[in-house]
Structures are given as structure tokens and as C-alpha cells.
Amino acid sequence: MSILVTGGSGYIGSHTLIELINKGYRDLISVDNYSNSNVSTYERVEKITGVVVKHYPIDLTDQNSCKLLFEQEKIESIIHFAAFKSVPESLANPLLYYRNNLDSLINLLECCQIFSCHKFIFSSSCSVYGNSEELPVTEKSSLGIPESPYAQTKFIGEGILADTVKAHQLLKVIILRYFNPVGAHESGLNGEPASARPNNLVPFITQTAAGLKDKLQIFGGDYNTKDGTCVRDYIHVSDIAEAHILALNYLEKMDKPIDIFNLGTGNGVTVLEVVKSFEQVNKLTLNYEIVDRREGDVEAVYANNSKAYKLLGWQPKFGLEEMMLSAWKWQLYLYEGN
Ligand code: UDP
């Protein structure tokens, strides 16, 4: 019986494959449509772990391909990463986001019913909290108005799962709400795929430092925060990956059909603090300017992560400095033509 990792050649998916392999899991199947990643990711996973991951090029929005996969493979649990994740892109093309992120989820859940697959881990996002008045947010904090179609797809996805477990008695679901995953594998050999359409802060920082971008634009300097820039909870991608293995274990003993966990460090950090940390640990100076606010951004959000600590036994290992060091290491690896 296998674990299906959807979006396994993507940023968090590939780091989770590495963690799964490191923990001894071998019956792994990865699928990806390579819309935002590359099949060469599996070579990097192999370089780090020595294991070749079985993978299929599949677009999960196509129900037939989805069913064929389940006919071909005995799938016991699913870790579902495959989704579009850019806030600005979702504002420009909302239907693309609704179609992609929701159709793939629905198709997988239908396959769970047809093929008796009962364990499901879903990648959600802190964006479901919107502009929360309660900080840090706990899993019980009320959900805000999603600020973008991307956030809506996560909010609706959570709702689809909550409804599905009510009707599908054996299904058990864990929703993981990621805060801001950044950094790269400590080897520097795996990180955010180079082919990804970056919109996030840290890839833009490393690209600016590498001279691929002229200047980093900091969106908004007039927020009600300590230095005027937005506050986020940056979390190392390998810590996020590890939480999925703990969640898989927890699913076995979970006494309710669905549960939700925040995955953040608990530290709220401003954009300027991220920039300063990057400059300091990598001994670089970054060219940046403060520009207008970006549509769809919330002012501040950071996690209370004590539920994940208590129930999953999860504790982030890496600090901001390690996130900035590994992100730069990965950018240099890419820069050297890998
Ligand atoms: N940000 C920025 N410049 C960029 C990209 C992002 O100032 O080129 C800011 C963004 O406004 C937000 C924070 O960095 O305050 C994190 O944004 P990111 O897109 O990485 O993640 P999000 O929190 O939107 O999911």
C-alpha cells in the first residue's frame, strides 16, 4: 500500500518526499503536472536520499487520469500538495485557481470513495485567517474574509473536506495550515523549483542578491506594524515537511474524522527584518525600495503552534537565519547552472 504525494516535484512536496524517505517510507508515488515544477526534481531527491521515487505526470483536474492512477496503484493515504499558490496570479486569473485547486481536490476525494482510501492530508494556508484581529492565530480563531481567490480556494477546500468526512464515514482528514514556508534543504541541493513562477518574498530576495532582479520591491511601508512592513511567520520548508510525517502517524490514532493544525514558528517577523537577516547571515547588501501595498496582502499573521506541538509532537528546528542561509545556498546552486 502506497502513500500518494500529489505535487511531489513541487517545493513542499519534494521536501516531504525527502523526509518520508529519511524516515524509512519506501512505498511512495508522486504525481505532478509540472505546471510549476520540473521532473528533474526527482533527480535531486535521489541525489539527497539515494532513492528513486516512482512518479507519474498527471493532471489531477482530469478525473479519468485520476481514476486510472488509483486503478493502477494501491493507494492507502494521500498527501495533497498539488495546487496553484500565487496570490497575485489568482487575482489576475481567479477561474484558473478555482478550476485547478478545487477540481483536483474533488477528483481525489471521489477516488478516495471509489477506491477505499481513507487517509488524507491537505495543504491549507494561514491565508484562511484573513486579516485576523486575534494574534497569534489559533486553529479556533475565527476565519476572516479570504483576501484573494487563492485564499478562497483553501477556505473552500477546507469546507469541502469538512462536508466530505460527514458523509464518508471511514475518511480521516488532517488539514495543515502553512504559514510562510521558506528556505531550502540544508544540503542546498533542493529548494523552490527554478521553473516556478516566483511571487514570494524569499525567492525575490535571493534573485535580487544574485543579480537576476534589479531591485527587491517591498510592498507597503505604512502598515500598522513595528517598522511599517507586513508581518508574517516564516517557517523552514523542511520543518513543514516533517509535520506531514507526524500527521500521517497521528491519523492512525486520531479519534475524530478531521482535525486542523497551524504550522508556523510562532514568531511574527516583518519584511524588513527578513531582508536584514538575509543581508546579515549571507554578508550581502540587498538593493530594495519600499513601494505601494500589494493587493490581497494581510497586514500581519503569525501562528500559535501549540496544538501541533501537543498532538503531533512537532517543533520547528530551524530559525530565520537557517532559512536565509539555505535559501541563498540553493540560489547559488541554481546560479551555477544546476
Ligand atoms: N513581499 C514583498 N516583496 C515581494 C514579495 C513579497 O514585499 O517581492 C511581501 C508581501 O507583501 C508580504 C510578505 O512579503 O508582506 C510575504 O509575501 P509572500 O508573497 O512571500 O507570501 P504571502 O504571505 O503573500 O503568502
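What counts, and where the lines are drawn
Residues numbered from 1 in each chain as written. Predicted model: local features only at pLDDT ≥ 70, side-chain atom pairs only at ≥ 80, totals over all residues. Heavy atoms only, no water. Helix = DSSP H or I, 4+ residues; strand = E, 2+ residues; numbered from the N terminus. Rg over C-alpha atoms; globule rule 2.2 N^0.38 Å. Buried < 20%, exposed > 50% of the residue type's maximum accessible area, 1.4 Å probe, protein only. Contact = heavy atoms within 4.5 Å. Axes fitted to C-alpha atoms, helices over the stretch in contact; angles between N-to-C directions. Parallel < 35°, antiparallel > 145°, perpendicular 65-115°, else oblique. Left-handed = near helix turned anticlockwise from the far one by under 90°. Nonpolar A, V, L, I, M, F, W, Y, C, P; charged D, E, K, R; others polar. Near = heavy atom within 4 Å. Polar contact = N/O pair within 3.5 Å; in protein donor to acceptor, adjacent residues only side chain to side chain. Pairing = 2+ DSSP bridges.

When helices and strands are tallied, the protein chain shows eleven helices and 13 strands. Relative to the 2.2 N^0.38 estimate, which gives 20 Å for 338 residues, the radius of gyration of the protein chain is 19 Å and therefore close to what a compact globule would have. Seen through its principal axes, the protein chain has C-alpha atoms that stretch 55 × 45 × 40 Å. Per-residue burial for the protein chain yields a buried fraction of 56% across its 338 residues. Contacts in the protein chain between residues far apart in sequence, at least 24 positions, make up 82% of those at least 6 positions apart.

Below, the discussion takes up the packing of helix α7 (residues 201–209) against helix α9 (residues 271–282). Across the interface, α7 lies against α9 with an axial gap of 11 Å and an inter-helix angle of 40°. One way to sum up the angle between α7 and α9 is to call them oblique. For α7 against α9, the interelement crossing comes out right-handed. Where α7 approaches α9, its residues Leu201, Val202, Ile205, Thr206 and Ala209 are matched on the opposing element by Val271, Val274, Val275 and Phe278. When the residues that make up the contact of α7 with α9 are grouped by side-chain class, the tally is eight nonpolar, one polar and no charged.

Here we take up the site of the ligand. Around the ligand lies a shell of 15 residues, among which Leu201, Gln217, Arg232, Arg294 and Asp297 are the nearest. In this structure, an oxygen atom belonging to the ligand sits 2.9 Å away from a side-chain N or O atom of Arg294. Every element with two or more residues in the shell around the ligand is listed here: α7 and β8 (216–219). Sorting elements by how many residues they give to the shell around the ligand places β8 first, with four residues. For the shell around the ligand, the per-class residue count stands at eight nonpolar, four polar and three charged.

This brings us to the sheet that holds strand β3 (residues 54–57). Reading across the sheet, the seven strands line up as β3-β2-β1-β4-β5-β6-β11 and stay open at both edges, with parallel pairing between neighbours. One side of each edge strand has no neighbouring strand; the edge strands of this open sheet are β3 and β11 (258–263). Strand after strand, the sheet turns through a mean of 20° between neighbouring axes, direction not considered. Sheet contacts for helix α8 (residues 237–253): β1 (2–6), β4 (75–80), β5 (119–125), β6 (172–178) and β11; angle to β6, the most-contacted strand, approximately 160°.

Let us now look at the environment of Tyr333. Counting through the fold element by element, Tyr333 comes out in helix α11 (residues 320–335). Judged by relative accessible area, Tyr333 falls into the buried class, the value being 13%. Distance in space between the C-alpha atoms of Tyr333 and Asn190 is 8.9 Å, their sequence separation being 143 residues.

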